[in-house]
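One letter stands for each residue in the lines below.
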Amino acid sequence: MLILQSMMVLLVFQLAGELVSKAVHIPIPGPVLGMALLAAWYLLQNREPEKHMEQTVSGLLGWLGLLFVPAGVGIVANLDLLRAAWFPVTIALTVSTLSTLLITAAVMSRLKRGRA
């Protein structure tokens, strides 16, 4: 029963993220905003997620790889388009990956300094 409660909490925050995304017209997916809202909720309450929430999330993460199947099918279905635009796609992927790594490293460095 606690796992169902955890799923309900996750879905409520996903719905809240969708509503905020649509209401404010920002190009951030609702589930991402919902995750941020859930993290903010736990931070504001100054507590960690319950054990059953951790178990539910771990179970869902085990199936995460399955969500990449449609993206892989889309790539294979549009392989001609990818062949035609391989250079800009490669540059975009490289720049975005490096930017993500650098920003993540900078944020982690600042967070570690704040706790020391």
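It should be noted that the structure appears before, not after, this text.
All figures in this text were calculated on a predicted structure; none of them were measured in a lab.

Analysis parameters
Residues numbered from 1 in each chain as written. Predicted model: local features only at pLDDT ≥ 70, side-chain atom pairs only at ≥ 80, totals over all residues. Heavy atoms only, no water. Axes fitted to C-alpha atoms, helices over the stretch in contact; angles between N-to-C directions. Helix = DSSP H or I, 4+ residues; strand = E, 2+ residues; numbered from the N terminus. Parallel < 35°, antiparallel > 145°, perpendicular 65-115°, else oblique. Contact = heavy atoms within 4.5 Å. Nonpolar A, V, L, I, M, F, W, Y, C, P; charged D, E, K, R; others polar. Buried < 20%, exposed > 50% of the residue type's maximum accessible area, 1.4 Å probe, protein only.

Digging into the packing of helix α1 (residues 2-24) against helix α3 (residues 51-62)
Between two packed helices, both the angle of their axes relative to each other and the distance between the axes serve to describe the pair.
Okay, so step 1: At a minimum axis separation of 9 Å, α1 and α3 run at an interaxial angle of 75 degrees. Between α1 and α3, the crossing angle belongs to the class labelled roughly perpendicular. Counting all contacts with α1, which are made through Leu2, Ile3, Gln5, Ser6, Met7, Val9 and Leu10, the residues of α3 involved are His52, Met53, Thr56, Val57 and Leu60.
Okay, so step 2: When the residues that make up the contact of α1 with α3 are grouped by side-chain class, the tally is eight nonpolar, four polar and no charged.

Topic: the side chain of Thr56
Okay, so step 1: Tracing the backbone through its elements, the reader meets Thr56 in helix α3.
Okay, so step 2: Relative accessible area serves as the criterion here: at 5%, Thr56 is assigned to the buried category.
Okay, so step 3: Not counting residues up to four positions away in its chain, the partners in contact with Thr56 are Ile3, Ser6, Met7 and Leu10.

Read these as spatial facts, not as claims about activity.
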